[in-house]
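Geometric and topological summary
One letter stands for each residue in the lines below.
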2 protein chains.
Amino acid sequence: MIYRVKGWHNHGMTTSAKPGPRERLLLAAQELTYTQGVGVGVDALLKAAGVARRSLYEHFGGKDGLIAEMLRRSTAEDEERYRATMAAAGDDPRVRLLAVVDRLGRIASDPDFPGCRYLAADLALSDRDHPAHEVTRAYRRTLHVLFADEFVALGHARPEFAADQLLILVDGLLAAGATRPGSEPAAASRELAEHIIDSGLGA
Amino acid sequence: MIYRVKGWHNHGMTTSAKPGPRERLLLAAQELTYTQGVGVGVDALLKAAGVARRSLYEHFGGKDGLIAEMLRRSTAEDEERYRATMAAAGDDPRVRLLAVVDRLGRIASDPDFPGCRYLAADLALSDRDHPAHEVTRAYRRTLHVLFADEFVALGHARPEFAADQLLILVDGLLAAGATRPGSEPAAASRELAEHIIDSGLGA
DNA sequence: ATTGAAGTAGACCAGTTGGTCTATCTCTCC
DNA sequence: GGAGAGATAGACCAACTGGTCTACTTCAAT
């Protein structure tokens, strides 16, 4: 998508002002890296954002900086989505966790689902010092805490262990969605999630 | 690793003849793509293989051909490793399947584990027509059958479903190993595998 | 010994990579 | 109505991309 001066659509909000170059770059990066991976070229990003070359280096110092910042924003949004999903599911931690798995199952079932962007970034960036890795690591730590808190609230016997299992399940679910279209991983994952939850509950 | 004319080490075998360019290219590609991803440059591959540029295009028609062929060989070797692991584990399908999960858990626990090469290739190659995708798809189908056969032998109520679950678990396990070093995903995965196996057994 | 296939070495190609730099334009604030 | 910040457009860069091509060597089979 090419962002244009006129007719800017900002997520259904009433404002119609076109966001600045920094914002447009982040949005373009979020979109392009999702479908084409972090390997997208700088030129493609600039063209999609409708931004001068110089702006990229002013705001982010380089491509790596843009990628890292875009991932930071993306993880924050995703974390919020997790929280919103759980909040909408009510107070029962069991229901809240299953709602998360169900939502991911729906995402992974989209035949055009390109895979988890964070895992893709980690696997694509073989340079272990790339700033993106720190962002994804922090995100996974956040998710782990998010899950573990629910398990604690549930009275689960091994909340950390169960959170580990749930993270493994989530990555596997998203991987299956990306690599085995038509395998319908949602049902298989939900049942595993139920086991993870119930396996640590007394009586 | 740079392959040299003299002192060729072929997996501990007694022969000391240096393999041809085709073989050296496949070995170099297997090694370099594992650590650096399928994005490695042609020059790096040629240099590592100690092979003339022309040989690549003679034998594989191009980089994509080499990647695809290298994946084909790699999947064949991995399939054989699965079979060998199961064979060494004896006759009980339960033990055989858990042996597979345990072995993958050991691989994923290596702090230098770079992640599943097939998932990495699928996520990195956004071109859906890239020949590599067909190879990885075939491999996953093979693994699914491999697992499902064991579940059938076990008398599992839903062998296909359980095989789906096991594939999800495997991908999640390998993803965790690559992205959450120190999280020790082997134990978490083994317990999930036990559940997958036992959940479909009568009595 | 000769021939021909296979391999090597490396020049060369157009296109692209991420990045720097200059010149111009546009806007806001004073 | 400046002045200055911020943005744009685009030239330019060296390095590298995958790929083609020519010239030379190596070696086995005739």
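Residues numbered from 1 in each chain as written. Chains lettered and ligands numbered in written order. Predicted model: local features only at pLDDT ≥ 70, side-chain atom pairs only at ≥ 80, totals over all residues. Heavy atoms only, no water.

We now examine the side chain of glutamine 30 of chain B. All names here are of chain B. By the secondary structure assignment, glutamine 30 is in helix α1 (residues 21-36). A polar contact is formed between the side chain of glutamine 30 and the side chain of glutamate 77, at a distance of 3.0 Å. Ignoring anything within four residues of it in the chain, the contact list for glutamine 30 reads Met70, Arg73, Ser74, Glu77 and Arg117. (Helix = DSSP H or I, 4+ residues; strand = E, 2+ residues; numbered from the N terminus. Polar contact = N/O pair within 3.5 Å; in protein donor to acceptor, adjacent residues only side chain to side chain. Contact = heavy atoms within 4.5 Å.)

Turning next to the protein's contact with DNA strand C. As a matter of local geometry, DNA strand C sits amid 18 residues, with Val42, Arg53, Tyr57 and Lys63 of chain A together with Ser55 of chain B nearest to it. Backbone atoms, meaning sugar and phosphate, make up 51% of the atoms of DNA strand C lying within 4 Å of the protein. Arginine 53 of chain A places a side-chain nitrogen or oxygen 2.7 Å from a base oxygen of DNA strand C. Side-chain polar atom of histidine 59 of chain B to a phosphate oxygen of DNA strand C: 3.2 Å apart, as the coordinates give it. Here the surface near DNA strand C takes 4 residues from helix α3 (residues 53-60) of chain B, the largest share from any one element. Looking at the surface near DNA strand C residue by residue, the class counts come to 6 nonpolar, 5 polar and 7 charged. (Near = heavy atom within 4 Å. Nonpolar A, V, L, I, M, F, W, Y, C, P; charged D, E, K, R; others polar.)

The next thing to look at is the interface of chain A and chain B. Each partner contributes to the interface: chain A provides 39 residues, whereas chain B provides 39 residues. Between chain A and chain B, the buried area comes to about 3100 Å², and carbon and sulfur atoms account for 63% of it. Glutamate 191 of chain A is the partner of arginine 158 of chain B in a salt bridge, and the nearest nitrogen-oxygen pair spans 2.8 Å. Between chain A and chain B we count 9 residue pairs in polar contact (both at pLDDT 80 or more) in total. Per-element tally for the side of chain A that touches chain B: the top contributor is helix α8 (residues 159-179) of chain A, with 13 residues. (Buried area = accessible area lost by both parts, 1.4 Å probe. Salt bridge = Lys/Arg side-chain N within 4 Å of Asp/Glu carboxyl O.)

Here we take up the protein's contact with DNA strand D. DNA strand D sits among 18 residues. The nearest are Arg24 and Ser55 of chain A together with Val42, Arg53 and Lys63 of chain B. Counting only the atoms of DNA strand D that lie within 4 Å of the protein, the sugar and phosphate share comes to 51%. Separating a phosphate oxygen of DNA strand D from a backbone N or O atom of alanine 52 of chain A is a distance of 3.3 Å. Of all the elements in the fold, those that place two or more residues in the surface near DNA strand D are α1 (21-36) and α3 (53-60) of chain A together with α2 (42-49) and α3 of chain B. Per-element accounting of the surface near DNA strand D gives the leading share, 4 residues, to α3 of chain A.

Membership of the largest hydrophobic core comes to 120 residues, with the highest contact counts inside it found for Phe147 of chain A together with Phe147 and Phe151 of chain B. The dominant element in this core, judged by the number of residues it contributes, is α8 of chain A, at 12 residues. (Core = buried A, V, L, I, M, F, W, Y, C linked by side-chain atoms within 4.5 Å. Buried < 20%, exposed > 50% of the residue type's maximum accessible area, 1.4 Å probe, protein only.)

Moving on to α1 of chain A. Residue and element names in this part refer to chain A. For α1, which comprises 16 residues, the first-to-last C-alpha distance of 21 Å matches the rise-based estimate of 22 Å (1.5 Å per residue) to within 8%. Taken together, the buried positions of α1 are Arg24, Leu25, Leu26, Leu27, Ala28, Ala29, Gln30, Leu32 and Thr33. Lining the buried residues of α1 we find α2 (42-49), α3, α4 (63-88) and α6 (117-124). Glycine 37 sits one or two residues past α1 and shows a positive phi near 85°. (Expected span 1.5 Å × (residues − 1).)

On to the domain arrangement of chain A. Interface size is commonly expressed as the accessible area that is lost once the parts come together. All names here are of chain A. If you check the domain split of chain A, you get domain 1 (1-61) and domain 2 (67-198). When each unit is reduced to the centre of its C-alpha atoms, the spacing between domain 1 and domain 2 is 27 Å. Every contact between the two is made by 11 residues of domain 1 and, on the other side, 13 residues of domain 2. Taken together, both faces of the contact between domain 1 and domain 2 bury some 1100 Å²; the carbon and sulfur share is 64%. For the domain 1 face of the interface with domain 2, the top three residues by lost area are Gln30, Tyr34 and Val38, together amounting to 61%. Between the two partners, domain 1 and domain 2, sit 2 salt bridges. One salt bridge connects glutamate 23 with arginine 73, and the closest N-O pair in it is separated by 2.8 Å. Summed over the shared surface of domain 1 and domain 2, the result is 4 residue pairs in polar contact (both at pLDDT 80 or more). Ranked by residue count, the leading element in the side of domain 1 that touches domain 2 is α1, at 9 residues. (Domains from an automatic or database assignment.)

Turning our eyes to something else, we now look at the environment of serine 55 of chain B. Residue and element names in this part refer to chain B. Position of serine 55 among the secondary structure elements: in helix α3. Overall, the relative accessible area of 17% leaves serine 55 in the buried class. Expressed as a C-alpha distance, the spacing of serine 55 and leucine 25, which sit 30 residues apart in the sequence, is 8.9 Å. Excluding anything up to four places from it in sequence, serine 55 contacts Pro21 and Leu25.

Now for the side chain of histidine 133 of chain A. Considering the arrangement of structural elements, one finds histidine 133 of chain A in helix α7 (residues 131-154). Beyond its immediate sequence surroundings of up to four residues, histidine 133 of chain A is in contact with Ala121, Asp122, Leu125, Asp127 and Arg128 of chain A.

Turning our attention to the pattern of salt bridges. Think of it this way: side chains of opposite charge can pair up when their charged atoms draw near. Residue and element names in this part refer to chain A. This structure, assessed with the given rule, holds 29 salt bridges over all chains. Of the charged contacts, one joins aspartate 102 and arginine 190 as a salt bridge, the two residues approaching to 2.9 Å between their closest N and O atoms. Within this pair, whereas aspartate 102 is found in helix α5 (residues 93-109), its partner arginine 190 is found in helix α9 (residues 185-198), the two being separated by 88 residues in sequence. The class of aspartate 102 is partly exposed, set by a relative accessible area of 25%. Residue class for arginine 190 comes out partly exposed when judged on its relative accessible area of 29%. Several salt bridges converge on common partners, so that one network encompasses Arg22, Glu69 and Arg72.

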